Amino acid sequence: MSTLVARGVTASYGGSPVLHGVDLTVGPGSKVGLVGPNGAGKTTLLRVLAGELPPDVGTIARTGTVGHLPQEPDRGPGETLLAYLGRRTGVTAADEALQATASALAGDHPGGDAAAATAYDDALQRWLGLGGGDLETRAEQACVDLGLGGELLHVETAGLSGGQLARASLAAVLLSRYDVLLLDEPTNDLDLDGLRRLEEFVSGLRGGLVVVSHDREFLARTITGVLELDPYNKKSREYAGGWDAYLAERELARRHAREEYDEFADRRGELQGRVQSTREMSVRGALRAKRRAPDGDKLGRSARIEGATSAAS
């Protein structure tokens, strides 16, 4: 049962705090849409959840594999499409870890070492779980299905067009076998067929998903919950249910907030009126005390003036 749990996460970007005590739980089958205005910290939160950026405050608990596919598909120097897909799906890193543990196990003293054997087994299970055993075969089929052509697997990504790279980015998503998948604007630059394939993939996910997207129709058809980041009030709120349920609950919360504010504004206006009236009466009392006090009663005059002035304050 793979889960991703964030508690009280606070993080900064460029020296400025952008996340303020964020709580989030992503379990198997959870599909959470991450929403908020530009600059609310959506991409920063994905990086924190993936372990690419440490939180300033708070904790992240991960069970299983967590994969982050950033918004912009980066092109590594000299990197082929197959290598690109291996890196984006986590298979390349898992393979490197597997080779390292295998070397440690082979070089161990006679009789072996239980810790080295356990590390190798863990690395092997991770590599298999991420689909390392048949990645090239699946990648070739995915490229053919997306109109890229299997022959492009060994072409450097620097030689791909923008449209081809968009389809390569989609291929990386479709080939991913993470337990929890973090997607940043996966619908960008996709045609209708690409959107259909992405929606089918997301709908069939058995693991968890956190997705940032400005495509409200995509969210309405795929997500089961919403995490809203509010940078103005420095709060975050998790909503159960799909996109339509989120819109309805958000509108209800906003209506209650408006009613509470109107009540507050009325009460504040009433209190301000009382304060102003009391101040004016006290000032007038101080002026009367100055005019009416007998010349020989300096102490009484001073006391009355001081009392009226204090009341005005």
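Being a predicted model, the structure only gives us computed values, none of them experimental. The residue numbers shown here count from 1 along each chain, following its written sequence. Only residues with pLDDT of 70 or above have their local features reported here, since the model is predicted, and side-chain atom pairs are shown and tallied only from 80 upward, although totals for entire chains, interfaces and linings are computed over all residues. Note that the side-chain values use all heavy atoms of the structure and ignore hydrogens as well as water.

Novice: Can you tell me about a negative patch on the surface, naming the residues and giving the values?
Specialist: A contiguous patch of negative charge on the surface is contributed by Glu-259, Glu-260, Asp-262, Glu-263 and Asp-266. Take Glu-259: it is sitting in helix α9 (residues 243-292). Exposed residues in this analysis have more than 50% of their type's maximum accessible area, buried residues have under 20%, and partly exposed residues fall in between, with area computed by a 1.4 Å probe over protein chains only. Overall, the relative accessible area of 46% leaves Glu-259 in the partly exposed class. Excluding any residue in a salt bridge, patches collect residues exceeding 30% relative accessible area, merging like charges within 9 Å and nonpolar Val, Leu, Ile, Met, Phe, Trp and Tyr side chains within 5 Å. Values of accessible area rely on a 1.4 Å probe in the Shrake-Rupley scheme; residue burial ignores everything except the protein chains shown. Should a side-chain nitrogen of Lys or Arg be within 4 Å of a carboxyl oxygen of Asp or Glu, the pair is scored as a salt bridge. Here the positive residues are Lys and Arg and the negative ones are Asp and Glu; neither His nor the chain ends is included. To locate a charge, take atom NZ for lysine, CZ for arginine, CG for aspartate or CD for glutamate. Secondary structure elements follow DSSP: runs of H or I of four or more residues count as helices, runs of E of two or more count as strands, with numbering from the N terminus.

Novice: Give a description of the sheet that holds strand β2 (residues 16-26) that names residues and reports values.
Specialist: Strands qualify as paired when DSSP identifies two bridges or more between them. Spatial strand order, β2-β1-β4: three strands in an open sheet with antiparallel pairing. Of all strands in the sheet, those with a lone pairing partner are β2 and β4 (57-62), marking the two edges. The average angle at which neighbouring strand axes cross in this sheet is 25°, direction not considered. Pairing of strand β1 (residues 4-13) with β4 involves five bridges; the strand directions are antiparallel. By the bridge assignment for β4, Leu-4 is matched with Arg-62. Seen against the sheet, helix α1 (residues 42-50) touches β1, β2 and β4 and runs at an angle of roughly 125° to β1. Note on definitions: angles span 0 to 180 degrees between N-to-C directions of axes, and those axes are lines fitted to C-alpha atoms, for helices only across the stretch in contact. Whether two residues are in contact is decided by their heavy atoms: any pair within 4.5 Å suffices.

Novice: How would you explain the sheet that holds strand β7 (residues 208-212) if you had to name every residue and give the values?
Specialist: In space, the six strands of this open sheet follow the order β5-β6-β7-β3-β8-β9, with mixed pairing throughout. A single partner strand is all that each edge strand has here, and the edge strands are β5 (66-69) and β9 (235-240). For this sheet, the mean inter-axis angle between neighbouring strands, taken without regard to orientation, is 15°. Note: strand β3 (residues 31-35) against strand β8 (residues 225-230), four bridges, orientation parallel. Looking at β8, one finds that Val-32 is bridged to Gly-225. Against the sheet, α1 touches β3, β5, β6 (180-184), β7 and β8, its axis set at about 155° to β6.

Novice: Provide a residue-level description of the pattern of salt bridges, including the pertinent values.
Specialist: Pairing is possible between side chains of opposite charge, provided their charged atoms come close. Here the structure, examined in full by the defined rule, presents eleven salt bridges. The salt bridge involving Arg-274 is made with Glu-270; its shortest N-O contact spans 2.8 Å. Placement of the pair is Arg-274 and Glu-270 together in helix α9, with a separation of four residues, close to one helical turn. A residue is classified by how much of its surface remains accessible, and Arg-274, at 49% relative accessible area, is partly exposed. Residue Glu-270 is classed as partly exposed on the basis of its relative accessible area of 37%.

Novice: Tell me about the packing of helix α2 (residues 81-88) against helix α5 (residues 135-145), and name the residues and values.
Specialist: As a packed pair, α2 and α5 sit with axes 11 Å apart at the nearest point and diverge in direction by 110°. By the criterion of interaxial angle, the relationship of α2 to α5 is roughly perpendicular. Note on packing geometry: the crossing formed by α2 with α5 is right-handed. Here α2 contributes Leu-81, Leu-82, Leu-85 and Gly-86 to the contact with α5, which in turn contributes Leu-135, Glu-136, Ala-139 and Cys-143. Here the contact of α2 with α5 is built from residues that sort into six nonpolar, one polar and one charged. Our angle categories are set so that under 35 degrees counts as roughly parallel, over 145 as roughly antiparallel, 65 to 115 as roughly perpendicular, and the remainder as oblique. For a crossing to be left-handed, the near helix must be turned anticlockwise from the far one by less than a right angle; the clockwise case is right-handed. Side-chain classes are defined by residue name, with Ala, Val, Leu, Ile, Met, Phe, Trp, Tyr, Cys and Pro counting as nonpolar, Asp, Glu, Lys and Arg as charged, and the others, Gly among them, as polar.

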